Amino acid sequence: MRITEIMINNSALSDLQSTMRKFSKLNEQLTSGKKVNFPSDNAAIASRMSNLDSRLREIERYQSNASIVENFSKMYDQILQDVSSVYTRVKSLAVQGANSGTLDSNLDRKSIADELEKINDHLISLANTSVSGKFIFGGAESDKTPVSDSGDIMTDPKANIKHKISVGGYELEYGVTVYDAFGTKSGTSIFKIVDRLKDAFTKSDEITKDLKDAIKTKDNLSMQNVTLKNEIKEIEKRKLQAEAAGNTALAASLQTQIDEKNSSIATNETKIKELQGDPSAATPVKGLIESKSELLKKAAESIQNELGAIDEIQESSSRTISQVGGTQRLLELTNSRMENFKTFSEEFLATETDADPAKVYTDMAMQKSVMDAALKALAQIVPKTILDFM
């Protein structure tokens, strides 16, 4: 086969172009830091890169979701801890009132009622906590106020469901509703419990004041009768002296005074019986003092009855706090798993795609040497033309 000069020239140019393309590709790797910039560079690596990039974006989305749930869980935990301490205070006040069913000057029922009213306002404020216009205890009705100012739960029972979010490839339930944190299985709520306690303390405070006034009045009447009886004894002595002296007018006047004082004593005795009753009567009659004492005991019993509901709601609150803690622990494990997988994916992706600068420099130097040698050889092979002498 005859080798012509054109064939030599074309072959040499083709080889030079191939070397230049390799040199250009190495230069791209050096400037971009990637050994695969286009699918045509390496289809298998490009496919793995695409899959890993998708997986990394998915992990970042999971981490973003987990971060949202974690922030909400921390908020729930903080509020529920506050609520739990308030429940403890409510129970302490209820126990104090339930154990004071008699007249107790050391128990300021009015102050306790005022404190319970403020506690209820605080609990309603906690129940209506909102973030970005969404009520965190609203369940499926997060755009609706969970509790009214009067303490009525406004969230529909059908909306008593938890939120769901995709984390790590599965659905994670999170969230606490107003029924979980502030309600009982029997259907009542802490707001109504506190209201009833407040009313019981207010009522018992009114009864206590009436009872104290009644006892004070009875004691005053009894003291008046003692004084009147002593005065009668003195008047009777004077009457006897007047009769002995034959002063009938004075004796009659003194008798009138005795009758008046006996009438006052009788009136006081009637009032005392109205206050303390008459146990000696054929049909014993309760007096105002006994009636008030019984009412005070009943008020204490109504407070006692609320203790069971308070215990129930405290247990429910403890379970809810445990559930929130479990969700936080699960999120920590999930975040750790996602972070480990992200680190592995990034390292694997870097191994697959990142160019080795030292190797690229070596390859570029080799290609440059090849090109220089090719140019020198070509200069010796290709015949000179007239242009070389011009």
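Below: a short report on this structure. (Residues numbered from 1 in each chain as written. Predicted model: local features only at pLDDT ≥ 70, side-chain atom pairs only at ≥ 80, totals over all residues. Heavy atoms only, no water.)

1. Thoughts on the overall build of the protein
Argument step 1. Looking only at helices and strands, one finds eight helices and four strands in the protein.
Argument step 2. Of the regular secondary structure in the protein, the N- to C-terminal order runs α-α-α-β-β-β-β-α-α-α-α-α.
Argument step 3. Here the protein, with 390 residues, has 35% of them falling under the buried criterion.
Argument step 4. By sequence separation, contacts in the protein at least 24 residues apart represent 72% of the contacts at least 6 residues apart.
Argument step 5. Working note: accessible area of the protein is about 23200 Å², and carbon and sulfur atoms make up 53% of it. (Helix = DSSP H or I, 4+ residues; strand = E, 2+ residues; numbered from the N terminus. Buried < 20%, exposed > 50% of the residue type's maximum accessible area, 1.4 Å probe, protein only. Contact = heavy atoms within 4.5 Å. Areas by Shrake-Rupley, 256 points an atom, 1.4 Å probe, with all protein chains shown as cover.)

2. Considerations on the pattern of salt bridges
Argument step 1. Per the stated rule, a full pass over the model turns up 11 salt bridges.
Argument step 2. Linking lysine 91 and aspartate 311 is a salt bridge whose minimum nitrogen-to-oxygen distance equals 2.7 Å. Within this pair, whereas lysine 91 is found in helix 2 (residues 43-98), its partner aspartate 311 is found in helix 7 (residues 288-353), the two being separated by 220 residues in sequence.
Argument step 3. Since its relative accessible area comes to 28%, lysine 91 is described here as partly exposed.
Argument step 4. You can call aspartate 311 partly exposed: its relative accessible area is 29%.
Argument step 5. The residue lysine 192 makes a salt bridge to aspartate 152 at a minimum N-O spacing of 2.8 Å. Taken together, the residues lysine 192 in helix 5 (residues 190-244) and aspartate 152 in the loop between strand 2 (134-135) and strand 3 (163-167) connect sequence positions 40 residues apart.
Argument step 6. What makes lysine 192 partly exposed here is its relative accessible area of 28%.
Argument step 7. For aspartate 152, a relative accessible area of 33% gives the class partly exposed. (Salt bridge = Lys/Arg side-chain N within 4 Å of Asp/Glu carboxyl O.)

3. Describing the side chain of threonine 155
Argument step 1. Relative to the elements of secondary structure, threonine 155 occurs in the loop between strand 2 and strand 3.
Argument step 2. Overall, the relative accessible area of 3% leaves threonine 155 in the buried class.

4. Quick notes on the nonpolar core
Argument step 1. Counting 39 residues, the largest nonpolar core has Leu116, Leu123, Phe137, Phe182, Ile190, Phe191 and Leu197 as its most contacted members.
Argument step 2. Put simply, the parts of the chain that give this core at least two residues each are helix 2, helix 3 (109-127), helix 4 (178-182), helix 5 and helix 7.
Argument step 3. Aside from chain neighbours lying at most four places away, what touches phenylalanine 137 is Tyr76, Ile79, Leu126, Ala127, Pro146, Val176, Thr177, Val178, Ala181 and Phe182.
Argument step 4. Counting seven residues, the second-largest nonpolar core is a separate cluster that includes Val69, Ile165, Leu172 and Tyr174. (Core = buried A, V, L, I, M, F, W, Y, C linked by side-chain atoms within 4.5 Å.)

5. Let's talk about the packing of helix 5 against helix 6 (residues 248-276)
Two numbers describe a pair of packed helices, the interaxial angle and the distance between the axes.
Argument step 1. Where helix 5 meets helix 6, the axes come as close as 9 Å, and the angle between the chain directions of the two elements is 160°. In terms of axis orientation, helix 5 runs roughly antiparallel to helix 6. Between helix 5 and helix 6 the crossing geometry is left-handed.
Argument step 2. Counted by class, the contact of helix 5 with helix 6 contains 13 nonpolar, 10 polar and 10 charged residues. (Axes fitted to C-alpha atoms, helices over the stretch in contact; angles between N-to-C directions. Parallel < 35°, antiparallel > 145°, perpendicular 65-115°, else oblique. Left-handed = near helix turned anticlockwise from the far one by under 90°. Nonpolar A, V, L, I, M, F, W, Y, C, P; charged D, E, K, R; others polar.)

6. Details of the packing of aromatic side chains
Argument step 1. Overall, the coordinates contain five aromatic pairs when judged by the stated rule.
Argument step 2. Note on phenylalanine 72 and tyrosine 76: the rings are 6.4 Å apart at their centroids and 35° apart in plane angle, and the pair reads as tilted. Taken together, the residues phenylalanine 72 and tyrosine 76, both in helix 2 and four residues apart, mark about one turn of the helix.
Argument step 3. On the basis of relative accessibility, which here comes to 24%, the residue phenylalanine 72 falls in the partly exposed class.
Argument step 4. Relative accessible area serves as the criterion here: at 2%, tyrosine 76 is assigned to the buried category.
Argument step 5. Clustering of aromatic rings is evident, with ring pairs tying together Phe72, Tyr76, Phe137, Tyr174, Phe182 and Phe191. (Phe/Tyr/Trp six-rings, centres within 6.5 Å; stacked < 30°, edge-to-face > 60°.)

7. Quick word on helix 3
Argument step 1. Across its 19 residues, helix 3 extends 27 Å between first and last C-alpha, which sits within 8% of the 27 Å expected from 1.5 Å per residue.
Argument step 2. Of the positions making up helix 3, those classed as buried are Arg109, Ile112, Ala113, Leu116, Ile119, Asn120, Leu123, Ile124, Leu126 and Ala127. Projection of helix 3 onto a plane perpendicular to its axis shows the buried side chains occupying an angular sector of 155°, all on one side. (Expected span 1.5 Å × (residues − 1). Arc of directions from axis to C-beta.)

8. Here we look at the packing of helix 3 against helix 5
Argument step 1. Where helix 3 contacts helix 5, the axes come no closer than 8 Å and their chain directions differ by 165°. With respect to helix 5, the axis of helix 3 lies roughly antiparallel. The handedness of the crossing between helix 3 and helix 5 comes out as left-handed. On the side of helix 3, the interface is formed by Arg109, Lys110, Ile112, Ala113, Leu116, Glu117, Asn120, Leu123, Ile124 and Ala127, while helix 5 contributes Ile190, Phe191, Val194, Asp195, Leu197, Lys198, Phe201, Thr202, Ser204, Asp205 and Thr208.
Argument step 2. Residues belonging to the contact of helix 3 with helix 5 are distributed by class as follows: 11 nonpolar, four polar and six charged.

9. Things to note about the layout of surface pockets
Argument step 1. Taken as a whole, the largest pocket encloses approximately 310 Å³ of empty space.
Argument step 2. Lining the largest pocket are 16 residues, with Tyr179, Asp180, Gly183, Thr184 and Ser316 positioned closest to its centre.
Argument step 3. Of all the elements, helix 7 adds the most residues to the lining of the largest pocket, at five residues. (1 Å grid on protein atoms, 1.4 Å probe; cavity = no way out; pocket = protein on both sides within 12 Å on 5 of 7 lines; lining within 4 Å. Points joined across faces, edges and corners; volume = space filled by probe spheres on them.)

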